[in-house]
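A structural walkthrough
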Amino acid sequence: MPLLYLRFYLGSLSLLFAFYLLGHYLLGFPFPTPTTLLHLALGAGAGVGLGALYHRVWPLPPPGLGRVVRLFVLLPPAFMLGIGLLVLLQAQVALPYLVPLLAWLTPDYGKAPSSTP
């Protein structure tokens, strides 16, 4: 199971890096510096870690109202963690949005709760 989280983290990170590079070449954004890429890696790692931890505490329920409630309980700490990283690192990236997004997407890679007959 840790390999699934690692694969998801690396895939997300490569997509974010590609987005920043394409933004530079196609839209004229500033070229991403190694510091910017490190900030992205830390934010993505925090989001995946928070999603994996949260999945252990409260596994992903079946589709319905339970998932909506779980999402609204997950978002405030994830946003605050992203804002804290933004202030701590003085980053110029979208960490307050990146951390909750990856925390929200991560549980799909966790172990599914077993159903009892």
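Sequence positions are assigned chain by chain, starting from 1 and proceeding in written order. Residue-level local features of this predicted model are given only where pLDDT is at least 70; pairs of side-chain atoms are given and counted only at 80 or more, and the full residue set underlies all totals for whole chains, interfaces and linings. Side-chain numbers here rest on the full set of heavy atoms in the structure, without hydrogens or water.

Judged by nonpolar contacts, the single largest core of 20 residues is most densely connected at Tyr9, Ala44, Leu95, Leu98 and Leu102. Numbering of helices and strands runs from the N terminus; a helix is a DSSP stretch of H or I covering at least four residues, while a strand is a stretch of E covering at least two. Put simply, the parts of the chain that give this core at least two residues each are helix 1 (2-27), helix 2 (34-57), helix 3 (65-89) and helix 4 (95-105). Looking at this core, the element that brings in the most residues is helix 2, giving 6 residues. Residue contacts follow a heavy-atom distance rule, with two residues in contact if any of their heavy atoms lie within 4.5 Å. Apart from residues lying up to four places away in sequence, Tyr9 is in contact with Ala41, Ala44, Gly45 and Val48. Think of a nonpolar core as a cluster: buried Ala, Val, Leu, Ile, Met, Phe, Trp, Tyr and Cys residues, connected wherever their side-chain atoms sit within 4.5 Å. Partly exposed describes any residue whose relative accessible area lies between the buried limit of under 20% and the exposed limit of over 50%, with all areas from a 1.4 Å probe on protein chains only and scaled to the type maximum.

What the domain assignment reports for the protein is domain 1 (1-31) and domain 2 (32-108). Computed from C-alpha atoms alone, the centre-to-centre distance between domain 1 and domain 2 is 15 Å. If you look at the interface, domain 1 gives 12 residues, while domain 2 gives 17 residues. Values labelled buried area give the accessible surface lost by two parts on being combined, using a 1.4 Å probe and summing over both. Looking only at domain 1, the three residues that lose the most surface to domain 2 are Tyr5, Phe8 and Tyr20, adding up to 46% of its buried area. A 3.5 Å cut-off defines polar contacts: any pair of N or O atoms within that distance qualifies, except that in protein one atom must be a possible hydrogen donor and the other a possible acceptor, and neighbouring residues in sequence count only when both atoms are side-chain atoms. In this assembly, domain 1 and domain 2 are joined by 2 residue pairs in polar contact (both at pLDDT 80 or more). For the purposes of this description, domain bounds are those given by an automatic or database domain assignment.

Turning next to the environment of Pro107. By the secondary structure assignment, Pro107 is in the segment after helix 4. Considered as a pair, Pro107 and Ala52 are 55 residues apart in the sequence and their alpha carbons are 6.2 Å apart.

Moving on, we come to the UniProt feature "transmembrane region" (unreviewed entry) in the protein. UniProt positions are given in the numbering used here, feature names are shortened, and annotations may be inferred rather than shown by experiment. Taken from the UniProt record, the annotation "transmembrane region" (unreviewed entry) applies to residues 6-27, 39-58 and 78-105. For residues 6-27, the end-to-end C-alpha separation is 30 Å, with 100% helix and 0% strand making up the annotated structure. For residues 39-58, helix accounts for 95% and strand for 0%, while the C-alpha atoms at its two ends are 28 Å apart.

With that settled, the discussion passes to a nonpolar patch on the surface. A cluster of nonpolar side chains, Leu53, Val57, Trp58, Leu65, Val68, Val69, Phe72 and Val73, forms an exposed patch at the surface whose accessible area comes to about 780 Å². The greatest single-element share of the nonpolar patch, amounting to 5 residues, is contributed by helix 3. The topology assignment puts Val69 in helix 3. The patches described consist of residues with a relative accessible area above 30% and no salt bridge, like charges being joined within 9 Å and nonpolar side chains (Val, Leu, Ile, Met, Phe, Trp, Tyr) within 5 Å. Only the protein chains shown count as cover for residues, and all accessible areas are computed by the Shrake-Rupley method using a 1.4 Å probe. Whenever Lys or Arg places a side-chain nitrogen within 4 Å of a carboxyl oxygen from Asp or Glu, that contact is recorded as a salt bridge.

Moving on to the packing of helix 2 against helix 4. Two elements in contact, helix 2 and helix 4, have axes separated by 7 Å at closest approach and are oriented at 35°. Judged by the twist between their axes, the crossing of helix 2 over helix 4 is right-handed. Contacts from His39, Leu40, Gly43, Ala44, Ala46, Gly47, Val48, Leu50 and Gly51 of helix 2 reach helix 4 at Leu95, Leu98, Val99, Leu102 and Ala103. Note on residue classes: Ala, Val, Leu, Ile, Met, Phe, Trp, Tyr, Cys and Pro are nonpolar, Asp, Glu, Lys and Arg are charged, and everything else, Gly too, is polar. Residues belonging to the contact of helix 2 with helix 4 are distributed by class as follows: 10 nonpolar, 4 polar and no charged. Note on method: axes are straight lines fitted to C-alpha atoms, helices fitted across the in-contact stretch only, with angles between N-to-C directions ranging 0 to 180 degrees. A clockwise turn of the near helix away from the far one marks a right-handed crossing, whereas an anticlockwise turn of less than a right angle marks a left-handed crossing.

This brings us to helix 4. Buried within helix 4 we find Leu95, Pro96, Leu98, Val99, Pro100, Leu102 and Ala103. Tucked into the core, helix 4 has its buried residues touching helix 1, helix 2 and helix 3.

The next thing to look at is helix 3. Because each turn of an α-helix spans 3.6 residues, side chains separated by three or four positions end up pointing in the same direction. Look at helix 3: 36 Å from first C-alpha to last across 25 residues, which is about the 36 Å you get at 1.5 Å a residue. Of all the bends found along helix 3, the most pronounced is centred on Leu75 and spans about 30°, while Pro76, a proline, follows it within four residues. Of the residues making up helix 3, those classed as buried are Arg70, Leu74, Leu75, Ala78, Gly82 and Leu85. On the buried face of helix 3, the contacting elements are helix 2 and helix 4. One or two residues past the end of helix 3 sits Gln90, with phi positive at roughly 50°. To estimate how far a helix should reach, multiply one less than its number of residues by 1.5 Å. Note on bend: the value at a residue is the angle between axes fitted to the seven residues ending there and to the seven starting there.

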